[in-house]
Amino acid sequence: MKLDLVRLQDFRNLTSVSLTPSPSVNLVVGQNGSGKSSLLEGLHFLGFGRSFRTNKHRNVIQHDKKAFHVFGQGLDGQGRLRKLGVSRGNDDSITVNIDGEHSHRVAALVSQIPMQIFTPQSSDIIIGSPSLRRKHLDWGVFHVEHGFAMASGHYRRCLSHKNALLKSGSKGSGWQQQDNYWTEQLISSGKTITDYRIQFLNAIQPYLSQNLSQFLPEFCVEISYHRGWDKEASLEESIQQKAEKDQRFGFLSVGPHKADLKIKADGHDAAERLSRGQMRMLIAALQLAQAQYLNSKHQKDCVFLLDDVGAELDAGKREVFVDELLACSAQVFVTAIEQQQVPFIKKYNDYKLFHVEHGHVEEENDPNG
Ligand SMILES: Nc1ncnc2c1ncn2[C@@H]1O[C@H](COP(=O)(O)OP(=O)(O)OP(=O)(O)O)[C@@H](O)[C@H]1O
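For clarity, every value in this text was computed on a predicted model and none was experimentally measured.

Enquirer: For this particular structure, what's the right way to read the pattern of salt bridges?
Expert: Opposite charge on two side chains makes pairing possible when the charged atoms of those side chains draw close. This model, assessed by the stated rule, comprises 16 salt bridges. For Arg80, the salt bridge identified is with Asp76, shortest N-O distance 2.9 Å. Residue Asp138 is joined to Arg197 by a salt bridge in which the shortest nitrogen-to-oxygen separation is 2.8 Å. On the criterion of sequence distance, the pair formed by Asp138 in helix α4 (residues 130-144) and Arg197 in helix α6 (residues 175-215) is long-range, its members being 59 residues apart. Judged by relative accessible area, Asp138 falls into the buried class, the value being 17%.

Enquirer: Got a minute to help me understand the UniProt feature "binding site: ATP" (unreviewed entry) in the chain in this structure?
Expert: The feature "binding site: ATP" (unreviewed entry), as annotated in UniProt, sits at Gly30, Gln31, Asn32, Gly33, Ser34, Gly35, Lys36 and Ser37 in this numbering. Considering the arrangement of structural elements, one finds Asn32 in the loop between β3 (25-29) and α1 (36-48). Along the chain, Lys36 turns up in helix α1. Excluding residues within four positions of it along the chain, Lys36 makes contact with Val28, Val29, Gly30, Gln31, Thr335, Ala336, Ile337 and Val356. Engagement of the side chain of Lys36 in a polar contact is seen with the backbone oxygen of Gln31, the distance being 3.0 Å.

Enquirer: How should I be thinking about the nonpolar core in this particular structure?
Expert: In globular proteins that are soluble, nonpolar side chains generally tend to be buried together. Residues Leu282, Phe304, Leu306 and Phe321 are the most contacted members of the largest nonpolar core, which totals 112 residues. With residues up to four places along the chain from it excluded, the contact list for Phe304 reads Gln116, Gln287, Leu288, Ala291, Phe321, Leu325, Ala330, Gln331, Val332 and Phe333.

Enquirer: Looking at this structure, I do not really get helix α9 (residues 276-298). What am I missing?
Expert: Residue pairs spaced three or four apart in an α-helix point in one direction, given the helix's 3.6 residues per turn. Here α9 is 23 residues long and its end C-alpha atoms lie 32 Å apart, about the 33 Å a rise of 1.5 Å per residue gives. Counted residue by residue, α9 has 18 buried out of 23 residues, so it is predominantly covered. Directly beyond the C-terminal end of α9, a positive phi value near 50 degrees is found at Gln299.

Enquirer: For this particular structure, what's the right way to read the sheet that holds strand β7 (residues 101-103)?
Expert: Paired through their backbone hydrogen bonds, the strands of a sheet run either parallel or antiparallel. Taking strand neighbours across the sheet as the criterion, the 6 strands line up as β2-β1-β4-β5-β6-β7 in an open arrangement whose pairing is antiparallel. Sheet topology places β2 (14-19) and β7 at the edges, where each strand pairs with a single neighbour. Neighbour to neighbour, the strand axes of the sheet diverge by 10 degrees on average, direction disregarded. Across 5 bridges, the pairing between strand β1 (residues 5-11) and β2 is antiparallel. Residue pairing across strands places Gln9 opposite Ser16, the latter belonging to β2. Its contacts with the sheet place α1 against β1, β2, β4 (67-75) and β5 (81-89), and it is angled at close to 110 degrees to β1.

Thresholds, definitions, all that
Residues numbered from 1 in each chain as written. Predicted model: local features only at pLDDT ≥ 70, side-chain atom pairs only at ≥ 80, totals over all residues. Heavy atoms only, no water. Salt bridge = Lys/Arg side-chain N within 4 Å of Asp/Glu carboxyl O. Helix = DSSP H or I, 4+ residues; strand = E, 2+ residues; numbered from the N terminus. Buried < 20%, exposed > 50% of the residue type's maximum accessible area, 1.4 Å probe, protein only. UniProt positions renumbered as here; feature names shortened; annotations may be inferred. Contact = heavy atoms within 4.5 Å. Polar contact = N/O pair within 3.5 Å; in protein donor to acceptor, adjacent residues only side chain to side chain. Core = buried A, V, L, I, M, F, W, Y, C linked by side-chain atoms within 4.5 Å. Expected span 1.5 Å × (residues − 1). Pairing = 2+ DSSP bridges. Axes fitted to C-alpha atoms, helices over the stretch in contact; angles between N-to-C directions.

In structure tokens, the structure reads:
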């Protein structure tokens, strides 16, 4: 789904902003501190229900205001007009609005727009903890497999019961029975999650290989999935093998919550082998592969937020990335301090240019004029 109207209210320094974006590229320019990243952050709330800069949503609400509101509308894959909104208050409330219906279910909002964010911090996916890589993979799985959200939610519940039992330490009456029950449930949903993840990774591989040959031709990059338990054993066997140790430490040490993507460049850990810019190109290739797969096999258009794309990516690579995103029908929002950072943008006939100044956003009427 692409956005054709966006409104933000009391969101950081953006008091009241309304814009009608292009379905292809939108360039958002402005001085440091003008509000460019805040605009992307507002859009990010529509795609993820949270910020990409902070976990403290209260910091996002404009100083001295009680709540912020973000609204977006556009046509879905069936050509129906969809209206989405999210508000967060300084009393910790969250309200999601989908086509006029209020709820607190962020997952319902998040499923509407497959959105990706690309920032100078994107290389953290490679150098950071496995949870960042799992999140990255799960984003794509969530948007193509309807059963994934339910299986993940169930797995999380089972894991929390299992860990509570392991932590309790005592093996009083009924302990074993409860442990058997939650372990069985956990194994079942854990297998479902693992199958979905492996299927998805296999499905995007051809797109990924193609992108990598364009973005990082100098390296042989391999991405493989590690399930989170011993290669030679089933999940049941691994849980049994670790039972004593896990009871000592009070948590389950094996399962898909410990899965990881192993990323290698020329046979070595990519985090050690690649420069920052090369890591960002790898992430761009990975994000693009997901968008290409969603578009070609699931008829879903992604929204891409490229914050400060000038940092660490040379001009040629920026252009290829945006070209490829548009080729798979993504809607792109790019921030830059000056238009000259993305000179190639003028070649797209339907691009739009927005100037941000002290929290006000103005569209340039004839950006190619
Ligand atoms: N809760 C808030 N209420 C009001 N203003 C805020 C709030 N949080 C941050 N700001 C201000 O909003 C302004 C815009 O910040 P933003 O990060 O969007 O700027 P930017 O245009 O992306 O800048 P840069 O190019 O330096 O990254 C800053 O001046 C910041 O101090």
